[in-house]
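# Reading the structure
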Amino acid sequence: MGDAKPIFRALAVAPAAVLNPECISCTPPQHDPDTVFFTDGWKVVLHPSQCGLGNVLLATRRHVPRMADLTPAEWQDFQTVITALEPALEHAFGAALINMAYQRNWAYREAEPDPPFKDGQPNPHVHWHITPRYAQPVHFGGMVFDDPTFGEPFEWRKVTVPAEVRSAIIERLRVKIGVVLE
């Protein structure tokens, strides 16, 4: 890659989501209005639950069932994305640290597997949960985001935020990362 600065892209206008019935993670970035940015190999999408302000999902853009199946180019792209994303999440909202979790569990659930089964079999898709952690409550978009388990394993809870706050979170992250709108 040399000294060239990586290019992180996003769409200027995000259309309504169009989900792939076999795998919700396989949707192209232009079909997901919560895409923060994307590269050739990965996309970063704002997590549906903002129990940690700035929670995002980092998913491969092609269907990849395991990390061991990534190409060398996807591994390099992963490192490039994390190198930009981790400090951007820390600086965007004052996170003390970032947790990253690679979990394939839900693809194997009997009830409501995520992604849905394909031909009756689990259909895992490589994705990471990237969660900023906060030592103190954070005020953003007229809301207060707290992290009651700071210093301990992250505890997921459903925290829904209005569309305008979601948009503001995405915009703040794009600015911190230096995303180029297409």
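Scroll up a little and you will see the structure.
Please read all numbers here as calculations on a predicted model, not as lab measurements.

So, about the overall build of the chain. When helices and strands are counted, the chain shows two helices and nine strands. For a compact globule of 182 residues, the expected C-alpha radius of gyration is about 16 Å, and the chain comes in at 16 Å, within 12% of that figure. Classification of the 182 residues of the chain by burial places 45% in the buried group. As displayed, the chain offers around 9,600 Å² of accessible surface, 56% of which is attributable to carbon and sulfur atoms. Taking the 16 positively charged and 21 negatively charged side chains of the chain as two groups, their mean positions are separated by 2 Å.

Across its 22 residues, helix α1 (residues 72-93) extends 32 Å between first and last C-alpha, which sits within 8% of the 32 Å expected from 1.5 Å per residue. For α1, the full list of buried residues reads E74, D77, F78, T80, V81, I82, A84, L85, A88, L89, A92 and F93. G94, located one to two residues past α1, shows a positive phi value of around 80°.

Attention now goes to the pattern of salt bridges. Should the charged atoms of two oppositely charged side chains come close, the side chains can pair. According to the stated counting rule, one finds six salt bridges in the structure shown. For D40, the salt bridge identified is with R9, shortest N-O distance 3.4 Å. Here the residue D40 occupies a position in the loop between β2 (35-38) and β3 (42-46), and R9 occupies one in strand β1 (residues 9-10), the gap between them amounting to 31 residues. You can call D40 exposed: its relative accessible area is 65%. Judged by relative accessible area, R9 falls into the buried class, the value being 19%. Two residues, D34 and R166, come together in a salt bridge whose shortest N-O distance is 2.9 Å.

Moving on: the side chain of R9. Polar side-chain contacts of R9 include one of 3.4 Å to the side chain of D40. What R9 contacts, discounting residues up to four positions off in sequence, is V36, F37, F38, T39, D40, R61, V179, V180 and E182.

Formed by 41 residues in total, the largest nonpolar core has its most connected members in F37, V56, L58, F93 and I130. Mapped onto this core, the elements with two or more residues apiece are β2, β3, β4 (56-60), α1, β6 (127-133), β7 (138-140) and α2 (163-177). Element by element, the count of residues in this core is highest for α1, at nine residues.

Procedures and definitions
Residues numbered from 1 in each chain as written. Predicted model: local features only at pLDDT ≥ 70, side-chain atom pairs only at ≥ 80, totals over all residues. Heavy atoms only, no water. Helix = DSSP H or I, 4+ residues; strand = E, 2+ residues; numbered from the N terminus. Rg over C-alpha atoms; globule rule 2.2 N^0.38 Å. Buried < 20%, exposed > 50% of the residue type's maximum accessible area, 1.4 Å probe, protein only. Areas by Shrake-Rupley, 256 points an atom, 1.4 Å probe, with all protein chains shown as cover. Lys, Arg positive; Asp, Glu negative; His and termini not counted. Charge placed at Lys NZ, Arg CZ, Asp CG, Glu CD. Expected span 1.5 Å × (residues − 1). Salt bridge = Lys/Arg side-chain N within 4 Å of Asp/Glu carboxyl O. Polar contact = N/O pair within 3.5 Å; in protein donor to acceptor, adjacent residues only side chain to side chain. Contact = heavy atoms within 4.5 Å. Core = buried A, V, L, I, M, F, W, Y, C linked by side-chain atoms within 4.5 Å.

Read these as layout, nothing more, since geometry by itself doesn't imply function.
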